[in-house]
Amino acid sequence: MKLRHSACCPGSLPSLCFAALSAAFAGPAFSQVQEKTQVQAMAPIFQTAVRVTETITDNVQLRSGSEAKGDWITTISPSVAMRSDGARVKGNLQAAFNASLYGRDSDLSRGYLTLRGDGKVTAWENLAFVDLQASVSQEALSSLGVQSGDGVTGRSNQTSVRNIVVSPYLTGRFASTGKAELRYTLSDTDTSSSTFQKLQSRTLSANVSDPKAFGRIGWSVVAVDSAIEATDRRDLNSNSVRGSALLQIDPQLQMRLIVGSEANNYRTVDSERSTITGVALDWMASPQTKFSGLWEDRFFGPGYLMSASHQSGRYIVSARYSKDASSTNQSLSSSAQLDTYGLLMAMTAARFPDFAERDAFVRSYIAERGLPNRLGVSQAVLSNGVFLDRRINLDMMVTGPRNTLQFSVYRSERSTLTNQDFALTGDFASNSRITDISGTVSLTRLLTPVTSANIGLTLVRSHQDSVSTASSLDLSNRTRRIYAGVMTQFTPKADGSLQIRNSEGKGTSSYSENAIIGSVSVRF
């Protein structure tokens, strides 16, 4: 049986980033820092593991009718995880190489990398910093194609997506309450699919503000200049300047009045300039409850960003509603979609003020209960251009002594802002508008101190409305996935799980699938 390596194997930019992050975490220059206060940096913590997963499915390619064929897939995944809360380096990194071997169709066998990491390096105390972010993930090429529940079935609609972000910046203070920041951000995105061309985004931004320049009245100025480069396509350039008047109504409520100007060449070769006017409110009702709202008149019409969150020791609810121009680089780097780790870290902040202690508790909690790493199914948009994204997210988690309930729902409506030359993917091929709606609910119950059971349901509906006179296509796709499983700990460093899954797709891609997935993981 032969094993083929995909374009995501080490040797390209992801592996360089992995090496850079590893060096940053492990480098002796950052493991200890001589501070005036004699603070000792915490040494990075490493954990290695190997997971073996066996998937038995009756429809490996998620095809309809007589084209459905079963297979069994063995996946061997060695992994490494690092985390640091040192004086110079803070962050975490998880990486795994997955070797998938197909029993019946060995031509499908492959090796691919999955990676996720983010960190902050203090290059010069209180002055110079570097933010790092990296991810390698399996994403759907089209939201209208088959939607797989893993990385080994429905491969025809999957591609490996690599996104690297490096952002050095300088900060400083002036007067008594003034702040200034100068930042440069380089984002590089590539996939293993020929339909998506490599994107590189460069952004230079400057932010100067003094929120208490005149007591309760302050000001801020933000300038941004960015360029998106794609192979064999003209560069997409944009720049903007915003000035804001800040009014601190009371200690919990702040109001901002915004005026500015922006220009871009998204629709035409020459840049078009327009004005920006807006208003924003930030309200911290309590340490546990926060609201934020922003409305602006932009080149595409009204733009907005509204968010709210409430948390306690046992639950957290987070909601976000936005409409803004976006790109594939930005959507992959966005932190709008909270995952299990992020929700638990926010929920336990008051209980564990120390980051390292909180991080250890959260990771142990997730492992012991077998919680899913991600909430919901947020479709990636692999477009070489810029698109308008109107999105709403609602995430909730409730924890108890034995039960953990997770709920996530989102709706996204996207339409391209650039001409058709920039939209090589099927979703935007007809200058279309794409709407995705997804909901996920899962319940995990701790049966014994070492055994847990879970059940979950995911519903996805994708709809494409053609707004081009050259096309009258009206496509839709619906996916329903239900799963149930059990996980147990054999030893303090070994655990196993068994799960059953039923999936069904209707519309543009119709199929049904049943699968049994068993895995064993050993940590070293």
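Structure's up top.
Report follows, based on the coordinates. (Residues numbered from 1 in each chain as written. Predicted model: local features only at pLDDT ≥ 70, side-chain atom pairs only at ≥ 80, totals over all residues. Heavy atoms only, no water.)

### With respect to the nonpolar core
Heads up, the condition is: Here, the term nonpolar core denotes a set of buried Ala, Val, Leu, Ile, Met, Phe, Trp, Tyr and Cys residues that are joined through side-chain atoms within 4.5 Å. Exposed residues in this analysis have more than 50% of their type's maximum accessible area, buried residues have under 20%, and partly exposed residues fall in between, with area computed by a 1.4 Å probe over protein chains only. Two residues qualify as a contact provided that any one of their heavy atoms is within 4.5 Å of a heavy atom in the partner residue.
Core analysis: the largest hydrophobic core is formed by 15 residues, its most contacted members being F299, A325, V386 and L417. In this view, V386 contacts I228, L236, Y266, A325, S326, T416, L417 and T418; residues no more than four positions away in its chain are not counted. Counting 11 residues, the second-largest nonpolar core is a separate cluster that includes L343, L344, M345 and M347.

### Quick look at the pairing of strand β12 (residues 253–264)
Our working definition: Following DSSP output, two strands are said to pair if at least two bridges run between them. Under the DSSP-based scheme used, a helix requires at least four consecutive residues in state H or I and a strand at least two consecutive residues in state E, with every element numbered from the N terminus.
Across 12 bridges, strand β11 (residues 236–250) lies against β12 in antiparallel orientation. Each bridged residue has a counterpart across the sheet, and for G243 the counterpart in β12 is V259. A loop of two residues connects β11 with β12, the two strands running antiparallel in sequence.

### Focus on the pairing of strand β17 (residues 387–399)
The pairing of strand β16 (residues 315–326) with β17 spans 12 bridges and is antiparallel. Across the sheet, the residue bridging to Y321 is I392, located in β17. Here 13 bridges tie β17 to strand β18 (residues 403–416), and the two strands are oriented antiparallel to one another. For I392, the partnering residue across the bridge sits in β18 and is R411. Once β17 ends, the chain turns through three residues before running back antiparallel as β18.

### What about the pattern of salt bridges?
Between side chains of opposite charge, a pair can form when the charged atoms approach closely. The test is simple: By convention in these notes, a salt bridge is any Lys or Arg side-chain nitrogen within 4 Å of a carboxyl oxygen on Asp or Glu.
With the rule as written, the count across this model stands at 22 salt bridges. In this structure, R390 engages E413 in a salt bridge whose closest nitrogen and oxygen atoms are separated by 4.0 Å. Here R390, found in strand β17, pairs with E413, found in strand β18; they are 23 residues apart in sequence, far enough to count as distant. By relative accessible area, which is 31% here, R390 ends up partly exposed.

### Here's the deal with unusual backbone geometry
The phi dihedral of L62 is positive, around 50°, even though this residue is not glycine. Turning to its location among the elements, L62 is positioned in the loop between β2 (45–57) and β3 (71–85). Note on L62: relative accessible area 5%, which makes it buried. The backbone of N126 sits at a positive phi, close to 65°, despite the residue not being glycine.

### Looking at the packing of aromatic side chains
As a reminder of what qualifies: A pair of aromatic rings is counted whenever rings of Phe, Tyr or Trp (Trp by its six-membered ring) have centres within 6.5 Å, and the orientation is called stacked for planes under 30 degrees apart, edge-to-face for over 60 and tilted otherwise. Charge-over-ring placement is defined geometrically: NZ (Lys) or CZ (Arg) within 6 Å of the ring centre, and within 35 degrees of the ring normal.
Under the counting rule described, the total for this entry stands at six aromatic pairs. Judged by centre distance (5.4 Å) and plane angle (20°), the rings of F129 and Y169 are stacked. Placement of the pair is F129 in strand β6 (residues 128–140) and Y169 in strand β7 (residues 158–174), with a sequence separation of 40 residues. Of the two residues examined, F129 and Y169, each falls in the buried class. Here the aromatic rings of Y304 and Y321 are separated by 5.0 Å at their centres, their planes lie at 40°, and the arrangement is tilted. Here Y304, found in strand β15 (residues 301–311), pairs with Y321, found in strand β16; they are 17 residues apart in sequence, far enough to count as distant. For Y321, a relative accessible area of 32% translates into the label partly exposed. Connected via pairs of aromatic rings, a cluster forms that spans Y266, F299 and F300. Its end group placed over the ring of Y112, R110 keeps NZ or CZ at 4.1 Å from the ring centre. Between the NZ or CZ atom of R183 and the centre of the ring of Y169, over which it lies, the distance is 3.9 Å.

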